[in-house]
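Structural overview
Residue-level listing of the chains:
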Amino acid sequence: MKKFILLSFTLLISIMLVACEEAEVKKADADDKTEESSKENSKGKSKEKPETQELAIGDAVEFDGMKITLNEARIEPGGEFDEPQEDQFIAVNLTAENNTEDEQVMSSIMNVELKDADGYSYSTTILTEGIKAQFDGTVEAGGKLRGEIPFDVAKSDSYELHFSDPFKSGKAIWKIPADKLSK
């Protein structure tokens, strides 16, 4: 049993190191025509934006064949048993559309984080009420997954929602001014 666990761990680390090179997060008018014609043809390339480009609520980005859209960001009061340890709960609503030929996995813990204006990073939290569905699960080829991710955050003038693949480089960042949070 120990050999199996060691072998599994070694295999996982090897896969992570091989996959750590890059993710396809590109600007719509990128000059790389060879990849555009082979991989990204007819997949909504006009919505792709690189890490340095500011995305806003409602914007979508093509990330490694997955179209990720930030539909909404709101202040969530939570339920009777939900008390923020920081100042407030913020919930983001995302949609992932799988434009690849393979099944993809979305994880609110692995793929998403929220940062405030001071650079503090917040990971997902649990709310007993107010969240429609979690942004976690498998997305079949050509399918969609829509869900919400709650965060327990300090009050800030603005926030950034970061979407990435922990095994690859590249990141999509949405800017969320505090005055744009719905209630």
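Residues numbered from 1 in each chain as written. Predicted model: local features only at pLDDT ≥ 70, side-chain atom pairs only at ≥ 80, totals over all residues. Heavy atoms only, no water.

Quick look at the pairing of strand β2 (residues 66-76) now. Relative to β2, strand β1 (residues 60-63) is paired through four bridges, and the arrangement is antiparallel. The partner of Glu62 across the bridge, within β2, is Lys67. Where β1 hands over to β2, the hairpin turn is made up of two residues, of which Asp64 adopts a positive phi near 55 degrees. The pairing of β2 with strand β3 (residues 88-98) spans 10 bridges and is classified as antiparallel. By the bridge assignment, Leu70 is partnered in β3 with Leu94. (Pairing = 2+ DSSP bridges. Helix = DSSP H or I, 4+ residues; strand = E, 2+ residues; numbered from the N terminus.)

Evaluated as defined, the whole model comprises six salt bridges. The residue Glu160 makes a salt bridge to Lys175 at a minimum N-O spacing of 2.4 Å. One end of the pair, Glu160, is in strand β9 (residues 158-164); the other, Lys175, is in strand β10 (residues 171-177), with 15 residues separating them in the sequence. Taking the relative accessible area as the measure of exposure, Glu160 reaches 22% and is therefore partly exposed. A relative accessible area of 30% means that Lys175 is categorised as partly exposed. (Salt bridge = Lys/Arg side-chain N within 4 Å of Asp/Glu carboxyl O. Buried < 20%, exposed > 50% of the residue type's maximum accessible area, 1.4 Å probe, protein only.)

Okay, the packing of aromatic side chains next. Tallied over the full model, the rule gives one aromatic pair. For the pair Phe63 and Phe163, a centre-to-centre distance of 5.1 Å together with 90 degrees between the ring planes defines the contact as edge-to-face. Of the two residues, Phe63 is situated in strand β1 and Phe163 in strand β9; the sequence distance between them amounts to 100 residues. Accessibility classification places Phe63 together with Phe163 in one group, the buried group. (Phe/Tyr/Trp six-rings, centres within 6.5 Å; stacked < 30°, edge-to-face > 60°.)

Pairing within the open sheet is antiparallel, and its four strands lie in the order β6-β5-β9-β10. In the strand order of this sheet, the two ends are held by β6 (121-122) and β10, each with one partner. Two elements, strand β5 (residues 112-116) and β6, share two bridges in a ladder whose sense is antiparallel. Directly across from Lys115, in β6, lies its bridge partner Ser121.

Backbone hydrogen bonds are what pair the strands of a sheet, in a parallel or an antiparallel way. Read from one edge of the open sheet, four strands run β1-β2-β3-β8, paired in antiparallel fashion. In the strand order of this sheet, the two ends are held by β1 and β8 (144-153), each with one partner. Between one strand axis and the next, the sheet turns through 30 degrees on average, direction left out of account. (Axes fitted to C-alpha atoms, helices over the stretch in contact; angles between N-to-C directions.)

Once that is clear, we can look at the environment of Asp179. Mapped onto the fold, Asp179 is located in the segment after β10. For Asp179, a relative accessible area of 67% gives the class exposed.

The next thing to look at is the confidence of the model for the protein. Of all residues in the protein, 71% have pLDDT values of 70 or greater, and the mean over the chain is 80. When the criterion is pLDDT under 50, residues 11-22 qualifies, and its contacts beyond four places in sequence or with other chains add up to 10 contacts. Segment residues 26-52: pLDDT under 50, and 42 contacts once partners within four positions in sequence are set aside and those in other chains are kept. (pLDDT = per-residue confidence, 0-100. Contact = heavy atoms within 4.5 Å.)

Time to look at the side chain of Thr100. Tracing the chain through its elements places Thr100 in the loop between β3 and β4 (104-106). Thr100 sits in the buried class, given a relative accessible area of 17%. Separated by 2.9 Å, the side chain of Thr100 and the backbone oxygen of Asp102 make a polar contact. Of the polar contacts made by the side chain of Thr100, one reaches the side chain of Gln104; its length is 3.3 Å. Not counting chain neighbours up to four residues away, the residues in contact with Thr100 comprise Asp64, Gly65, Ala141 and Gly142. (Polar contact = N/O pair within 3.5 Å; in protein donor to acceptor, adjacent residues only side chain to side chain.)

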